[in-house]
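# Architecture at a glance
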Amino acid sequence: MDDPLMAAQLEPEFVSADGWPRDLQAFAMASLFWGGFLLVRAIFVLRAGAPTVPFEDVFLGVKFYADHARVTMALQAIIFIAFAIGILIHHRWGLILALLYMAQVIAGHVIFITSNFGVESQRVHVKIASIESPIVLLIAIYIWYRTRPLLREPSV
């Protein structure tokens, strides 16, 4: 779109009445559902693999198993739900919490990959984390880019 007038006319379709981008609100809804899924998975010990595979979760780059994994997964679910609700009700703390959580995810991926790079039993998990990393980084950049104007506005 080279015509700024055309872009200005389309902008209201993608922004709510109070100036929050609708795509950020859609992200919040997706985060709310994901947080709910993680919470159900943690409460009912729903495994991704075979029943013989222990329940596991990674938080801050550290892998947890069994009940510790359930606690860390429930904690992450609560964080997802909290920042999703904050964004949906148009509070800045939701944006800040989302940015902080994404920073933790990026740092956690780096810590996990570097600390388990030479561990043979974690080879598959390191490969998965390496594949996920660019996607996680893009999501974090997206959140940062879309929240900048909202975080710069003076408080009402």
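Our structure is the block above this text.
Heads up: these notes are all about the structure in this document. This is a predicted model, so every value here is computed, not measured.

### Examining the overall build of the protein
Scanning the protein for helices and strands turns up five helices and two strands. Along the chain direction, N to C, the helices and strands of the protein fall in the order α-α-β-β-α-α-α. Per-residue burial for the protein yields a buried fraction of 32% across its 156 residues. Element-wise, carbon and sulfur atoms account for 72% of the exposed surface of the protein, whose accessible area totals about 9900 Å².

### A closer look at the pairing of strand β1 (residues 56-59)
Here β1 shows one buried face, formed by Asp57 and Phe59, and one open face, formed by Glu56 and Val58. Taken together, the four bridges between β1 and strand β2 (residues 62-65) define a ladder with antiparallel strand orientation. Following the sheet pairing, Asp57 is matched in β2 by Phe64. Where β1 folds back on β2, the antiparallel hairpin that results is connected by two residues, among which Leu60 adopts a positive phi of roughly 55°.

### Observations concerning the nonpolar core
Grouped together as the largest cluster of nonpolar side chains are 25 residues, with contacts concentrated most on Trp20, Leu24, Phe83, Ile87, Leu95, Tyr101 and Met102. Within the residue set of this core, elements represented by two or more residues are α2 (22-44), α3 (66-88), α4 (92-116) and α5 (123-152). Looking at which element gives the most residues to this core, the answer is α3, with nine residues. In this structure, Leu24 is in contact with Ile87, Leu95, Tyr142, Arg146, Thr147 and Leu150, ignoring residues within four places of it in sequence.

### Looking at the pattern of salt bridges
For the structure on display, the rule yields four salt bridges. Two residues, Asp23 and Arg146, come together in a salt bridge whose shortest N-O distance is 2.9 Å. With Asp23 in helix α2 and Arg146 in helix α5, the pair connects residues that are 123 residues apart, well separated along the chain. A salt bridge links Lys63 to Glu56; its shortest N-O distance comes to 3.4 Å.

### With respect to α3
If you check α3, its first and last C-alpha atoms are 33 Å apart, about what 23 residues at 1.5 Å a residue would give, namely 33 Å. Considered for burial, the residues of α3 that qualify are Ala69, Thr72, Met73, Ala74, Gln76, Ala77, Ile79, Phe80, Phe83, Ala84, Gly86 and Ile87. Elements in contact with the buried residues of α3: α2, β1, β2 and α4. Once α3 ends, the next one or two residues include His90, with phi positive near 60°.

Conventions used here
- Residues numbered from 1 in each chain as written.
- Predicted model: local features only at pLDDT ≥ 70, side-chain atom pairs only at ≥ 80, totals over all residues.
- Heavy atoms only, no water.
- Helix = DSSP H or I, 4+ residues; strand = E, 2+ residues; numbered from the N terminus.
- Buried < 20%, exposed > 50% of the residue type's maximum accessible area, 1.4 Å probe, protein only.
- Areas by Shrake-Rupley, 256 points an atom, 1.4 Å probe, with all protein chains shown as cover.
- Pairing = 2+ DSSP bridges.
- Core = buried A, V, L, I, M, F, W, Y, C linked by side-chain atoms within 4.5 Å.
- Contact = heavy atoms within 4.5 Å.
- Salt bridge = Lys/Arg side-chain N within 4 Å of Asp/Glu carboxyl O.
- Expected span 1.5 Å × (residues − 1).

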